[in-house]
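Residues per chain, in single letters:
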Amino acid sequence: MKDKDIFALDIGTRKVMGIIARKKEDFTEIIDVEVIEHPSRPMFDGQIHSIEEVARTVRQVKENLERRLNRKLSHAGVAVAGRNLVTYKNKVNREFPVEEEITEAMVRDLELEGVDRIISQSANNPLQFYCVGYSPVYYELDGNRFSDLIGHRAKSIAVEIIVTFLPRVVLDSMFAVLRRTGLEATNITLEPISAINAIIPADMRKLNIVLVDIGAGTSDLALTRDGFVFAYGMVPEAGDEITERISEVCLADFSTAERIKRLLNDRDKIEYEDIWGKRRKVGAEEIKRSLSSCVKKLAQSIAKSGLQLNGGTPCAVVAVGGGSQVFDLVKYLSEGFGLSPDKAGIRLPSAIKGIKDRTGKLTGPEAVTPIGIALMTVNSLGLRFIEIEINNKKFKMLDFQQKKDIMAALTLAGIVNNKKLYPRPGMAITCTVNGELKIIKGTLGRPAKILLNQKPVFSLSEKISEGDRIEFEEALNGENARVSVKDLMGIKPVQVVFNGEPVQVAPLDAVMNGEKVGLSAQVSDRADIRFEPLSIKDVLKYKGINLESLSERQILVNINGTPKILTQRNFTLRINGRGCGLEVLLKQNDAVEFSFDNPTFYRVKDVVDIPDECRKVRINVDGNDIEMKIAPVQIFMNGHEVAPEEFLIDGADIKVYSLSERKVLLSEIFRYIEFDTARAFGKNMKILVDGVPAGFTTPLAEGSKVRIIFEDRKS
């Protein structure tokens, strides 16, 4: 195809029209046209339902044109109906340091900036909606409204943009048809944008006009005022509603009903075959009367939407599209909009300026929108798309040079919205160890891995082109902090010698939030951890000694009125050769001795200082001299005399008497003599000390003579 030739496609609900046009210096020349109706109904309300059937019709149009032109067609400008149309407005400004001449490129960049800002701020999910077109509502030059900025000089320019979105399924099905026919979309726009650019020239847009493009499946609206297009809309009712009503009234299939509809304005009588195969002949006026309410209902639906978009009654209503030729529809439109009949009408392609149709085929209102698509294509208007691949899935991306980068591609694929580019750092743990604040950080995670055509991407602003392949591996979030009690405290074992054997000892547990836990326990956030330095208890635990079997208690004794606290144990414990308690802290290379064999219990002699020398007293007992050894002290515990070997008891009150105060009692002689109990049996015992009767507590002195007499008892 020659460099300046373009291929424009209007894929409609009922038919497909292809136009070959060429840009001349002062006009656009229509070189060839091909129109083919769908053999069935593969589209409803402007939406492609059967991609294969629509592709078959498009392929036939393309091949017929290629055969006549003797060249291949690979690119096409297309438009879509405004089904489920969503519109947004936005105003953008641009200021310059000094006054500059405004160029066409500057205006287009400003417009695309407005489009991009709306797309970025739109609540529509980029995975569900495509931007399909935009129109400037008005321009400003240094704060004043202008219809055209190019060539003027200014320090600031502004534009208010109206941007249209369609559900992604609408465009995806269009792109699928083009792929199946070997075509690539050079640009894409909205049918009402194409129609209004063609049939409502700039000098007419000062008027408040509602343009209605009535096709087979949808009626698309575009509204002008003050020199600009300010709103778009869509009504999901059009010519097919009339055709379906004819099918019901005449009991004919859809194709027959469509033929009847087209003949109503040209014939008085219409012949057709009904669903029973019978030939019928019905008057056109009779059919019109049956359809009148349906036509009026369609006009009312269009008028309701137009009045709502316009905010009131417009100056005029312009109808284009094949559906606008339905009988009385224009009349009912004027009534619905509250206009006089002369303010609603149909504009034909002959009203389009700058067009020369060499084919002579583009005469009816159904050709207005296809011509508009051709004009936008030949003038490089509308939106362009590039096809890229992200993780083996193809995407159509708006061809905005300033946004044609990795970031925009990932946004289109929904990756940015799902926050998969950057990792979330893992949560930290804050705790205290013996009152000291500790912070354990989580891991940072791993950022997303992005490859562009198998090469690493280092910046999200890196530009992309048609056919680029992007491989994306989402970021991995950081792991939350995890640490055991042992790792947190940095515990290192202490080497000691236990009963001659070298051992390494480490703590076995700690206290976290008031509960005892093992060292392998995971630390929780805001935990309060307490642990004691290694003590002798820890080495005993390590050696398997049950601490509960160790008995250790303190007793209180009074010695001549002075209290003394003693610790009693059922074991022996020494560190570095000295006795110690269980709580003594361990140091490197300490020597610990432990034994159950020598328990630690206290006797009287352990707390009372007893002189080694004893006093001797000689006493004569029944003529025999005995020598009594008298201890240097006399000890009483709780009022009872006790020997130095006596075990102490808790609360013992000990009295110690020195040698000068020591008295030898008569009872003590029995430890030195042999007493014959048989001799005393049945008799009274009488004791004399120095010839004087005495008792067991009678004191003795050096040389005292003691006689023990046994007398018969008197009966």
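Let me begin by describing the structure that accompanies this report. Bear in mind the structure is a predicted one, so any value in this text is a computation, not a measurement.

## Quick notes on the pattern of salt bridges
For the structure shown, the criterion picks out 36 salt bridges. Ionic pairing is found between Glu29 and Lys24, a salt bridge with its closest N-O pair at 3.8 Å. For Arg446, the salt bridge is made with Glu473, and the minimal N-O distance between the two is 3.2 Å. With Arg446 in the loop between strand E23 (436–440) and strand E24 (449–452) and Glu473 in strand E26 (residues 469–473), this pair connects stretches of sequence that are 27 residues apart. One salt-bridge network, held together by shared partners, links Arg14, Glu37, Glu258, Lys261 and Arg262.

## Digging into the side chain of Ser535
Within the fold, Ser535 resides in the loop between strand E31 (528–530) and helix H12 (536–542). Excluding its chain neighbours within four sequence positions, the residues that come into contact with Ser535 are Leu582, Glu583, Val584, Leu585 and Leu586.

## Some words on the sheet that holds strand E35 (residues 578–579)
What the five strands build is an open sheet, ordered E28-E27-E36-E34-E35; its pairing is mixed. Of all strands in the sheet, those bounded by a partner on one side alone are strand E28 (501–505) and E35. Where strand E27 (residues 494–498) lies against E28, five bridges are found, and the strand directions are antiparallel. Along E28, the bridge assignment pairs Val497 with Pro502.

## A closer look at helix H5 (residues 239–250)
In a regular helix each residue adds 1.5 Å, so 12 residues correspond to 16 Å; H5 covers 17 Å between its end C-alpha atoms and thus fits that length. Of the residues making up H5, those classed as buried are Gly239, Asp240, Ile242, Thr243, Ile246, Ser247 and Cys250. The buried residues of H5 all sit within an arc of 155° when viewed along its axis, so they share a single face. In this structure, the buried residues of H5 make contact with strand E12 (209–214), helix H6 (254–263), strand E15 (269–273) and helix H7 (284–310). In the segment just after H5, Leu251 is the residue with positive phi, at about 50°.

## Structural notes on unusual backbone geometry
Of all residues except glycine, most have a negative phi; of all peptide bonds, most are trans. A positive phi is found at Asn453, a non-glycine position, where the angle reads about 55°. Checked against the element boundaries, Asn453 lands in the loop between E24 and strand E25 (455–456). Of note in the backbone geometry, Gln454 takes a positive phi value of approximately 70° without being a glycine. Tracing the sequence through the fold places Gln454 in the loop between E24 and E25. Given a relative accessible area of 59%, Gln454 falls into the exposed group.

## Structural notes on the packing of helix H4 (residues 191–199) against helix H9 (residues 368–378)
It is at 7 Å that the axes of H4 and H9 come closest, and there the two elements cross at 85°. Taken together, the axis directions place H4 and H9 in an arrangement best described as roughly perpendicular. Between H4 and H9, the residues in contact are Glu191, Ile193, Ser194, Ala195, Asn197, Ala198 and Ile199 and Val368, Thr369, Gly372, Ile373, Leu375 and Met376, respectively. Residue composition of the contact of H4 with H9, by class: eight nonpolar, four polar and one charged.

## As for the packing of H5 against H7
Viewed as axis vectors pointing N to C, H5 and H7 meet at an angle of 150°, and their least axial separation amounts to 10 Å. For the element pair H5 / H7, the angle class is roughly antiparallel. The hand of the H5/H7 crossing is right-handed. Each of Glu241, Ile242, Arg245, Ile246, Val249 and Cys250 in H5 lies in contact with H7, whose residues at this interface are Ile287, Ser290, Leu291, Cys294, Val295 and Leu298. Looking at the contact of H5 with H7 residue by residue, the classes come out as nine nonpolar, one polar and two charged.

## A few points about a nonpolar patch on the surface
Together, Leu251, Ile275 and Trp276 line one region of the surface with nonpolar side chains, adding up to about 350 Å² of accessible area. Take Trp276: it is sitting in the loop between E15 and strand E16 (279–283). Residue classification places Trp276 among the exposed residues on the basis of a relative accessible area of 61%.

## Observations concerning H9
In terms of burial, H9 is a largely internal element, 11 of the 11 residues being buried. Those residues of H9 not exposed but buried are Val368, Thr369, Pro370, Ile371, Gly372, Ile373, Ala374, Leu375, Met376, Thr377 and Val378. At the exit of H9 stands Ser380, carrying a positive phi of roughly 55°.

## Looking at the pairing of E27
Each regular strand carries side chains that alternate between the two faces of the sheet. The alternating pattern of E27 places Val494, Val496 and Phe498 on a buried face and Gln495 and Val497 on a face that is not buried. Remark: two residues form the turn of the hairpin made by E27 and E28, two consecutive strands paired antiparallel; Asn499 in that turn has positive phi of roughly 50°. Of the pairings in the sheet, the one linking E27 to strand E36 (residues 591–595) comprises two bridges and is parallel in character. Paired with Phe498 across the strands is Val592, a residue of E36.

## Some thoughts on the packing of aromatic side chains
Scanning all chains against the criterion turns up four aromatic pairs. Ring centres 6.5 Å apart and planes at 75° place the aromatic pair Tyr138 and Phe228 in the edge-to-face group. Highlighted residues: Tyr138 in strand E8 (residues 129–141) and Phe228 in strand E14 (residues 228–235), separated in sequence by 90 residues. Since its relative accessible area comes to 8%, Phe228 is described here as buried. Where Phe571 meets Phe594, the ring centres are 5.7 Å apart and the plane angle is 35°; that geometry is what we call tilted. With Phe571 in the loop between strand E33 (562–569) and strand E34 (572–575) and Phe594 in strand E36, this pair connects stretches of sequence that are 23 residues apart. Classification of Phe594 as buried rests on a relative accessible area of 9%. Connected via pairs of aromatic rings, a cluster forms that spans Tyr138, Tyr139 and Phe228.

Conventions adopted
Residues numbered from 1 in each chain as written. Predicted model: local features only at pLDDT ≥ 70, side-chain atom pairs only at ≥ 80, totals over all residues. Heavy atoms only, no water. Salt bridge = Lys/Arg side-chain N within 4 Å of Asp/Glu carboxyl O. Helix = DSSP H or I, 4+ residues; strand = E, 2+ residues; numbered from the N terminus. Contact = heavy atoms within 4.5 Å. Pairing = 2+ DSSP bridges. Expected span 1.5 Å × (residues − 1). Buried < 20%, exposed > 50% of the residue type's maximum accessible area, 1.4 Å probe, protein only. Arc of directions from axis to C-beta. Axes fitted to C-alpha atoms, helices over the stretch in contact; angles between N-to-C directions. Parallel < 35°, antiparallel > 145°, perpendicular 65-115°, else oblique. Nonpolar A, V, L, I, M, F, W, Y, C, P; charged D, E, K, R; others polar. Left-handed = near helix turned anticlockwise from the far one by under 90°. Patch = residues over 30% accessible without salt bridge, like charges linked within 9 Å, V, L, I, M, F, W, Y side chains within 5 Å. Areas by Shrake-Rupley, 256 points an atom, 1.4 Å probe, with all protein chains shown as cover. Phe/Tyr/Trp six-rings, centres within 6.5 Å; stacked < 30°, edge-to-face > 60°.

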